[in-house]
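Architecture and fold: a report
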Amino acid sequence: MTKSVKISPSILASDFSQLGDEVAAISEAGADYIHVDVMDGHFVPNLTMGPSIVKSIRDRSTKVFDVHLMIDPVQPYIDEFVKAGADIISIHPEAKDDTSACLAKIKAHNIKAGLAINPDTEWEVIKPYMDIIDMVIVMSVHPGFGGQKFIPSAIDKLKAISKEIEKSGRDIELEIDGGINFENIQSVIDAGANVIVAGTTTFTGGKSEYANNISKLRGN
């Protein structure tokens, strides 16, 4: 089953002094999802935003809020991110929480649950959760900072996970996150990715360029 490609700009690359306007601008420019990178300075070496920031920008877009929790522990914060307006919450199996319990807690809110895997994590870690997850995020950079170079081994991971998704018969989205640009996007789509996180590439050039950048990412 071929899925349409969705663009999920990471607001980590936006101008934080105008965050609400930036979210509105990329929504109007044709983004499908709004990718929200939440980092705790512990699980990854950077601090970004919490639920109150997500809540403050929620009314600036009707798009799906694709919230990626790079935090440990995860479970105590799930309810707050749901209340803040998350439509999808993805967590890391590398965190110390009980992954099954966290995914079940997310699903209990009637929103989508995802698993994100780091570059050094074997893709097979997702297998026990294929009956509950709605998304898999393949990290093609080491999480923590935007603007890193794409790690090519992510391609093989995408291909393997794409086959596993097909085998499951479930409607699971496959997202790629990290270092995506106009030159390499087709290779990740060909490998099975259907949700593309693009921060720096989307936000380069300012608001007047967002629609053009998103269109180019789509291959138009």
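Here, the structure is the one placed above.
Residues numbered from 1 in each chain as written. Predicted model: local features only at pLDDT ≥ 70, side-chain atom pairs only at ≥ 80, totals over all residues. Heavy atoms only, no water.

With respect to the side chain of His-35
The condition is simple: Starting at the N terminus, helices and strands are each numbered in turn, a helix being any DSSP run of H or I of at least four residues and a strand any DSSP run of E of at least two. Whether a residue is buried, partly exposed or exposed follows from its accessible area with a 1.4 Å probe, protein chains only, as a fraction of its type maximum: under 20%, in between, or over 50%, in that order. What qualifies as a polar contact is a pair of N or O atoms within 3.5 Å, subject to a donor-acceptor requirement within protein and to the restriction that residues adjacent in sequence count only when both atoms come from side chains. Pairs of residues are marked as contacts when any of their non-hydrogen atoms sit within 4.5 Å.
By the secondary structure assignment, His-35 is in strand β2 (residues 33-39). Given the relative accessible area of 0%, His-35 is considered buried. Side-chain polar atoms of His-35 contact the side chain of Asp-37, separated by 3.1 Å. In this view, His-35 contacts Ser-8, Pro-9, Ser-10, Ile-11, Asp-66, His-68, Ile-137, Glu-175, Asp-177 and Val-197; residues no more than four positions away in its chain are not counted.

Here's the deal with the environment of Ser-10
Within the secondary structure, Ser-10 is located in the loop between β1 (6-8) and α1 (19-28). Once residues lying within four places of it in the same chain are set aside, the contact partners of Ser-10 are His-35, Asp-37, Val-197, Ala-198, Gly-199 and Phe-203.

A look at the nonpolar core
Under the convention used in this document: For this analysis, a nonpolar core means a set of buried residues of the types Ala, Val, Leu, Ile, Met, Phe, Trp, Tyr and Cys, connected via side-chain atoms within 4.5 Å.
Counting residues in hydrophobic clusters, the biggest one holds 66 residues, and the most contacted among them are Ile-11, Ile-89, Ile-176 and Val-188. Among the elements that line this core, the one with the most residues is helix α5 (residues 154-168), at six residues. For Val-188, the residues in contact, after removing those within four places along its chain, are Phe-150, Ile-155, Leu-158, Ile-176, Ile-180, Ala-193 and Ile-196. Within the second largest apolar cluster, eight residues are counted, among which are Tyr-33, Ile-88, Met-135 and Val-195.

Points about the pattern of salt bridges
Worth spelling out the cut-off: One speaks of a salt bridge when a side-chain nitrogen belonging to Lys or Arg is within 4 Å of a carboxyl oxygen belonging to Asp or Glu.
Taken as a whole and assessed by the stated rule, the structure comprises 11 salt bridges. With a shortest N-O distance of 3.0 Å, Asp-21 and Arg-60 are connected by a salt bridge. Of this pair, Asp-21 sits in helix α1 while Arg-60 is found in the loop between α2 (51-57) and β3 (64-70), placing the two residues 39 residues apart along the sequence. Residue class for Asp-21 comes out partly exposed when judged on its relative accessible area of 37%. For Arg-60, a relative accessible area of 34% puts it in the partly exposed group.

Regarding empty space enclosed by the protein
The condition that has to hold: Here a cavity means grid points, on a 1 Å grid over the protein atoms only, where a 1.4 Å probe fits yet cannot get out; a pocket means an open set of points with protein on both sides within 12 Å along at least five of seven lines; lining residues are those with an atom within 4 Å of a point. Grid points are joined across faces, edges and corners, and a volume is the space filled by probe spheres set on the points.
This structure, assessed with the given rule, holds one cavity of 30 Å³ or more. Roughly 30 Å³ of volume is contained in the largest cavity. Lining the largest cavity are Pro-119, Val-138, Met-139, Ile-151, Ser-153, Ala-154 and Lys-157. Among the elements of the structure, β6 (135-139) and α5 are those that each provide at least two residues to the lining of the largest cavity.

Some points on α5
Applicable threshold: Any helix carries an expected span of 1.5 Å times its number of residues minus one.
With 15 residues, α5 extends 21 Å from end C-alpha to end C-alpha; this agrees with the ideal 21 Å at 1.5 Å per step. Looking at α5, one finds that the buried residues are Ala-154, Ile-155, Lys-157, Leu-158, Ala-160, Ile-161, Glu-164 and Ile-165. Considering only its buried residues, α5 is in contact with β5 (112-117), β6, β7 (173-177) and α6 (185-190). Once α5 ends, the next one or two residues include Gly-169, with phi positive near 75 degrees.

A look at the sheet that holds β2
The strands making up a sheet associate through backbone hydrogen bonding, with each pair oriented either parallel or antiparallel. Definition in use: Two strands make a pair as long as DSSP finds a minimum of two bridges between them. Between N-to-C directions, angles cover 0 to 180 degrees, with each direction set by a line fitted to C-alpha atoms, over the stretch in contact for helices.
On the basis of which strands lie adjacent, the open sheet formed by eight strands has the order β1-β8-β7-β6-β5-β4-β3-β2 and parallel pairing. On the outer flanks of this sheet lie β1 and β2, each paired with one strand and no other. Across the sheet, the axes of successive neighbouring strands diverge by a mean angle of 25 degrees, strand direction being ignored. One ladder, built from four bridges, connects strand β4 (residues 88-91) with β5; its direction is parallel. If you follow Ile-91 over to β5, its bridge partner there is Leu-115. Set on the sheet, α5 makes contact with β5, β6 and β7; between it and β7 the angle comes to about 170 degrees.

Some details on the packing of aromatic side chains
Centre distance and the angle of the planes are the two values used to describe a pair of aromatic rings. Put simply, the rule reads: Any pair of Phe, Tyr and Trp rings, taking the six-membered ring for Trp, is counted once the centres come within 6.5 Å. Such a pair is stacked with planes under 30 degrees apart, edge-to-face with planes over 60 apart, and tilted for the rest. A ring has a charge above it when a Lys NZ or an Arg CZ is no more than 6 Å from the ring centre and no more than 35 degrees off the ring normal.
Evaluated as defined, the whole model comprises one aromatic pair. Judged by centre distance (5.2 Å) and plane angle (80 degrees), the ring pair of Phe-203 and Tyr-210 falls under edge-to-face. With respect to class, Phe-203 is no different from Tyr-210; both count as buried. One cation-aromatic arrangement involves Lys-216 over Phe-182; the distance from NZ or CZ to the ring centre is 4.2 Å.

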